[in-house]
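Residue-level structure breakdown
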Amino acid sequence: DTAVSQTPKYLVTQMGNDKSIKCEQNLGHDTMYWYKQDSKKFLKIMFSYNNKELIINETVPNRFSPKSPDKAHLNLHINSLELGDSAVYFCASSRPPARELFFGEGSRLTVL
Amino acid sequence: QQQVKQSPQSLIVQKGGISIINCAYENTAFDYFPWYQQFPGKGPALLIAIRPDVSEKKEGRFTISFNKSAKQFSLHIMDSQPGDSATYFCAASRAGRGGNQFYFGTGTSLTVIP
């Protein structure tokens, strides 16, 4: 039973399109995150939600909009996709005060 | 700016050798320092972690050494095995409003040659 699951695993799309990535965790965690991993493997925090409330919103273009319908889900919607958005997007969760981050397997987005 | 600096970017070690990866941070508010291991096509997974009140933590072949005054910490992999070949990330964490904040190093690609 997958703890943090993301769909889709692969996404290939054209510039200018809009796409969404879904994330669900069955760990009962309160906090969920989106990270972007670029081609150099750098992991950069994008957003963090705690109990459906946006906590961290790093310098990310407003074409990226997270949505948390409930504690177990955090989706990422991207408008007007650009070539530079090509990356692997990881969803993660944790349960404060515990510090372990649990990652999903990632969603590889390729913008052509 | 990069909150956690990691080196080297890549590392090649012979089987049985010792792999050493180094990290440094500036923000003294960080109070938890994990290392994550990532295999190709997978998400990072927690390997080992340390809090700044101890100078060393060992789990099997993996050891974290922590130097609070220098704001540096390192991962040592003893008797490195081909199965250890992966990308390793150090991170620094602090409690924040509404949850924990994590900042990752730039990653080290480790290759262990049989």
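Scroll up a little and you will see the structure.
Residues numbered from 1 in each chain as written. Chains lettered and ligands numbered in written order. Predicted model: local features only at pLDDT ≥ 70, side-chain atom pairs only at ≥ 80, totals over all residues. Heavy atoms only, no water.

On to the pattern of salt bridges. A complete count under the given rule lists nine salt bridges over all chains for this structure. The residue A:Glu105 makes a salt bridge to B:Lys42 at a minimum N-O spacing of 3.1 Å. Here B:Lys42 lies in the loop between strand 4 (33–38) and strand 5 (45–50) and A:Glu105 lies in the loop between strand 10 (102–103) and strand 11 (107–111), a pairing that spans two chains. Judged by its relative accessible area of 40%, B:Lys42 falls in the partly exposed class. When the shortest N-O distance is used, the salt bridge between B:Glu26 and B:Lys71 registers 3.5 Å. Of this pair, B:Glu26 sits in the loop between strand 3 (19–25) and strand 4 while B:Lys71 sits in the loop between strand 7 (62–67) and strand 8 (72–77), placing them 45 residues apart in sequence. Relative accessible area serves as the criterion here: at 22%, B:Lys71 is assigned to the partly exposed category. (Salt bridge = Lys/Arg side-chain N within 4 Å of Asp/Glu carboxyl O. Helix = DSSP H or I, 4+ residues; strand = E, 2+ residues; numbered from the N terminus. Buried < 20%, exposed > 50% of the residue type's maximum accessible area, 1.4 Å probe, protein only.)

Now for the layout of surface pockets. Considered as a void within the structure, the largest pocket measures approximately 330 Å³ in volume. If you go around the largest pocket, you meet 19 residues; those closest to its centre are A:Gln37, A:Lys41, A:Val88, A:Arg108 and B:Gly41. When contributions to the lining of the largest pocket are tallied by element, the ones reaching two or more residues are strand 9 (87–94) and strand 11 of chain A. Counting residues per element, the lining of the largest pocket draws most heavily on strand 9 of chain A, which supplies three residues. Here the lining of the largest pocket is composed, by residue class, of six nonpolar, seven polar and six charged. (1 Å grid on protein atoms, 1.4 Å probe; cavity = no way out; pocket = protein on both sides within 12 Å on 5 of 7 lines; lining within 4 Å. Points joined across faces, edges and corners; volume = space filled by probe spheres on them. Nonpolar A, V, L, I, M, F, W, Y, C, P; charged D, E, K, R; others polar.)

Below, the discussion takes up the sheet that holds strand 3 (residues 19–25) of chain A. All names here are of chain A. In spatial order, the strands read 1-3-8-7; together these four strands make up an open sheet with antiparallel pairing. If you trace the sheet from one side to the other, it starts and ends with strand 1 (4–7) and strand 7 (64–70), each paired once. Averaged over all adjacent pairs, the angle separating strand axes in this sheet is 20°, with direction ignored. Two strands pair when backbone bridges link them, and strand 1 and strand 3 are joined in this way by four bridges, in the antiparallel orientation. Paired with Ser 5 across the strands is Glu 24, a residue of strand 3. (Pairing = 2+ DSSP bridges. Axes fitted to C-alpha atoms, helices over the stretch in contact; angles between N-to-C directions.)

Quick look at the sheet that holds strand 3 of chain B now. All names here are of chain B. Pairing within the open sheet is antiparallel, and its five strands lie in the order 1-3-8-7-6. Only two strands of the sheet have a single neighbouring strand rather than two, namely strand 1 (4–7) and strand 6 (56–59). Across the sheet, the mean angle separating the axes of adjacent strands is 15° when strand polarity is ignored. Two elements, strand 7 and strand 8, share six bridges in a ladder whose sense is antiparallel.

Looking now at a nonpolar patch on the surface. A cluster of nonpolar residues, B:Ile18, B:Ile20 and B:Met78, forms a patch on the protein surface that exposes about 240 Å² of accessible area. With respect to the element layout, B:Ile20 can be found in strand 3. (Patch = residues over 30% accessible without salt bridge, like charges linked within 9 Å, V, L, I, M, F, W, Y side chains within 5 Å. Areas by Shrake-Rupley, 256 points an atom, 1.4 Å probe, with all protein chains shown as cover.)

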